[in-house]
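Structure at a glance
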Amino acid sequence: MAKGDMIATREAYGKALVSLAEEYKDLVVLDADLSGSTKTAAFAEKYPERFFEMGIAEQDMLGTAAGLAAAGKKPFASTFAIFASGRAWEQVRNSIAYAQFNVKIAATHAGVTVGEDGASHQAIEDIALMRVIPGMTVVIPADAVETEQAVKALLEYDGPAYLRLGRSKVPVVMDDDYQFQLGKAATMREGDAVTIIACGIMVDAALTAAEELAGEGISARVLNMSTIKPLDEEAVLKAAKETRAIVTCEEHSIIGGLGSAVAECVVKSYPVPMRFVGVKDRFGQSGSPAELVKEYGLTAGDIVRAVKEVLAAK
Amino acid sequence: MEVDEKTIAVLEEKAWHLREKIIRMIGAAGSGHPGGSLSAVEIVTALYFHLMNHDPKNPDWPERDRFVLCKGHAAPVLYAALAEAGYFDPSELDGLRKFGSILQGHPDRKKTPGVEVSTGSLGQGLSIANGIALAGKLDGSDWRVFALLGDGEIQEGQVWEAAMTAAHRSLDNLVAYVDNNNLQIDGDIRNVKGLDNIPARWEAFGWHVQEIDGHDLAAIIEATEKALATKGKPSVIVCRTVKGKGVSFMENQAGWHGKAPNKEQVAEALKQLAQRRDG
C-alpha cells in the first residue's frame, strides 16, 4: 500500500483477519449475513471452522461472541455500525462490556459515506453509544494501513473494543513506517496556530485543509485521534497549550463523539476555544458519498471555515 | 439410568438447605427475587450436586461443565448452591445486594467465584451459552453447557435467535432448562403474552424437547442424562414448577416475584421449610 492508494478500511480489515489467522489460533470471526460487505468472507472461506455465520440476528451474534470469549476464544464480530452499536447496544453493554469479555466488535459502514442506502443504514451515533460504555475501547482507523495495524493491536489487547470502519474507498494517508499505538494520537502535521483533531475519513480532509490554510499563512497542527477511548489526553492538552485553539472533525454527530471527548478533556484541564466539524444533529439521506460529505459539512472547506472561526474566537 | 434412592435423599436434603439459604439471604437483603429462586431449586441442586463436573476449589478448571443462569434475577438460588458447594464462605450470603458485597443483585462473573457469565438482562444468556458450547465443539472438549431460562424470559426475541443458532449448529453439548412456573411480574405468562405450548415452540425450532416435573430430582437427572445422550441437536427440558415452591404464602403468587419477606415472614417460611423437610 502506498500513500494515496484508494482502499476502504473494511477491505483492509478483511485482509488483516486472514493474514493474522495462522499466528492467532484463537481468533474466530462472526458475521450477521453481511460477510460480503464487511469483508469477513475471505476469512470464512479460508477458515470455515473458525467462522460463525449468525444470520440476521445481531443481538444473538454479540451474545454468542461473548460466550466464545468466555471460553477463551478471541472473537471479532462484524456487522454494519448501525446494528452493532444500535440494535445490539444492550448486548454490547451487558453481555460483553459489563462482563469484561474479550470481544472485538468490528463495525463497517459507519457514517454518511455509506451513501445510497440512506439514513437507516448510516450510523452517526455509534461513537457516542460505544464511548459511553464503561471499559469500552473505541478505535477509528484513518486508512487501510492503520486498519491492518489496529486489528493486530486489538487482537493483542485483552478486553472489549469497538473498531469503526467505512464502506467507501479512502486514500492511504499513513507512511509505510507508521506504527499504530492503541491510545496514542499520531501527529500528522506540525503547526502552532490551531490544532485540527480528526478521526477516520476526516483525517484526509484535515490534511487537505491544513495544506490550504498553510497557503494562507495559517499553521495548523493535525492530529489523527484514532483511539477515541481511552483518549490520548496528553496529546490533546499539549495541543491546547501550544496552539490554544482546537477544531475536531468526525464523520459522526457532533453530539457525543470525538469532539465531545476532546471537549471533556480540554474543559477540565485547559479550556481553549473549540469548533466541531461533524453532522449537526440531523439524520443522513441517500446520495453519493461525495454529495453527502458536502451536504453534511464534512469537507476540507468546512474544516478551513471552522479553523477561521475558532481563530477569531482565540 | 435409574437414580438410586440414597442419592435422591441426599439431594433432597441439599435442596432444603438451598431454600433456607434463599429465604435467609433475601430476608437479610430486604430485597430480591424469592419466587423464581425457589421454583428453580431442584434444577440447580441436581446440576451442582449431581450432574455437573466442577471443582469449587478451582473455579477456572478448564474441564469444568459450565452453567449459565439466564434468568439472572434468580441469583439467590445460584449463590446458595455456590456457597453450599464451597465456592465461597456461606457467611457471604448475608451480604447479598449490599454495598461492597461479592454477591450483586444479579450475577457478576467478576465478583463471584463460580459465576461464569454476568446476567440479569433477560434474553441474553442463551446466546452466551451457545458461544461457550461452540468454543467447546471447536476445541473438541468434553465439557457441557447448562443454561437455565425463565418462562417469562422466553418472551424476549433474542431467545429465539439463540434457539435457531443452537439448532443450526447442532449444539448437543448444551442443555437448556425452562423454569416453567407460569408467572411473571405482571401475572400469568399466558395472559401477559399468550405464552402457551412452550414445548411445541422449542420443538418447532429444532430442539430435542422433554417436559417434566421440575421439582422431581430423579426426573431432572434422568431427563438431563437423556438430553446429553441425544446427539445432533440441542436439548431443552421444560420443567413444570411452582413459583415460590416450599413456602405456602409464596407459592403461585406473582407478587412474590421480586419482594423480600419481612422478619416475621422469614421466620414463618423457615418454620414451614423445616416442617416439610422433617415431614
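Attention here is on the structure that accompanies the text.

**Let's talk about the pairing of strand S11 (residues 220-224) of chain A**
Residue and element names in this part refer to chain A.
- The buried fraction of S11 amounts to five of the five residues, a majority that puts the element mostly inside the structure.
- Side chains Ala220, Val222 and Asn224 of S11 all project onto a buried face; the interleaved residues Arg221 and Leu223 project onto the opposite face, where all are buried too.
- One ladder, built from three bridges, connects strand S9 (residues 186-189) with S11; its direction is antiparallel. For Arg189, the partnering residue across the bridge sits in S11 and is Val222.
- Here five bridges tie strand S10 (residues 194-198) to S11, and the two strands are oriented parallel to one another. Paired with Ile196 across the two strands is Val222, which belongs to S11.

**Overview of the pattern of salt bridges**
Residue and element names in this part refer to chain A.
- Taken as a whole and judged by the stated rule, the model has 35 salt bridges over all chains.
- Taking the shortest distance from any N to any O, the salt bridge between Lys152 and Glu23 comes out at 3.8 Å. Taken together, the residues span a long stretch of sequence, with Lys152 in helix H8 (residues 144-156) and Glu23 in the loop between helix H1 (9-20) and strand S2 (27-31) at a distance of 129 residues.
- Residue Glu23 is classed as exposed on the basis of its relative accessible area of 52%.
- Here the salt bridges share partners, and the residues they tie into one network are Glu190, Arg221, Lys238 and Glu242.

**Quick look at the interface of chain A and chain B**
- In this complex, chain A contributes 26 residues to the contact, which on the side of chain B involves 24 residues.
- Regarding the contact of chain A and chain B, the summed buried area is about 2000 Å², with carbon and sulfur atoms giving 54% of it.
- Our enumeration of links across chain A and chain B arrives at one salt bridge.
- A salt bridge links Asp139 of chain B to Lys73 of chain A; its shortest N-O distance comes to 2.6 Å.
- For the pair chain A and chain B, the number of links is 14 residue pairs in polar contact (both at pLDDT 80 or more).
- Among the elements that line the side of chain A that touches chain B, the one with the most residues is helix H4 (residues 58-70) of chain A, at nine residues.
- Looking at side-chain class alone, the side of chain A that touches chain B contains 12 nonpolar, eight polar and six charged residues.

**Considerations on the side chain of Ser260 of chain A**
Residue and element names in this part refer to chain A.
- As for its placement among the helices and strands, Ser260 is situated in helix H11 (residues 258-269).
- For Ser260, a relative accessible area of 16% puts it in the buried group.
- With sequence-adjacent residues up to four places away left out, Ser260 is seen in contact with Arg131, Ile254, Ile255 and Phe276.

So, how was this worked out
Residues numbered from 1 in each chain as written. Chains lettered and ligands numbered in written order. Predicted model: local features only at pLDDT ≥ 70, side-chain atom pairs only at ≥ 80, totals over all residues. Heavy atoms only, no water. Buried < 20%, exposed > 50% of the residue type's maximum accessible area, 1.4 Å probe, protein only. Helix = DSSP H or I, 4+ residues; strand = E, 2+ residues; numbered from the N terminus. Pairing = 2+ DSSP bridges. Salt bridge = Lys/Arg side-chain N within 4 Å of Asp/Glu carboxyl O. Contact = heavy atoms within 4.5 Å. Buried area = accessible area lost by both parts, 1.4 Å probe. Polar contact = N/O pair within 3.5 Å; in protein donor to acceptor, adjacent residues only side chain to side chain. Nonpolar A, V, L, I, M, F, W, Y, C, P; charged D, E, K, R; others polar.

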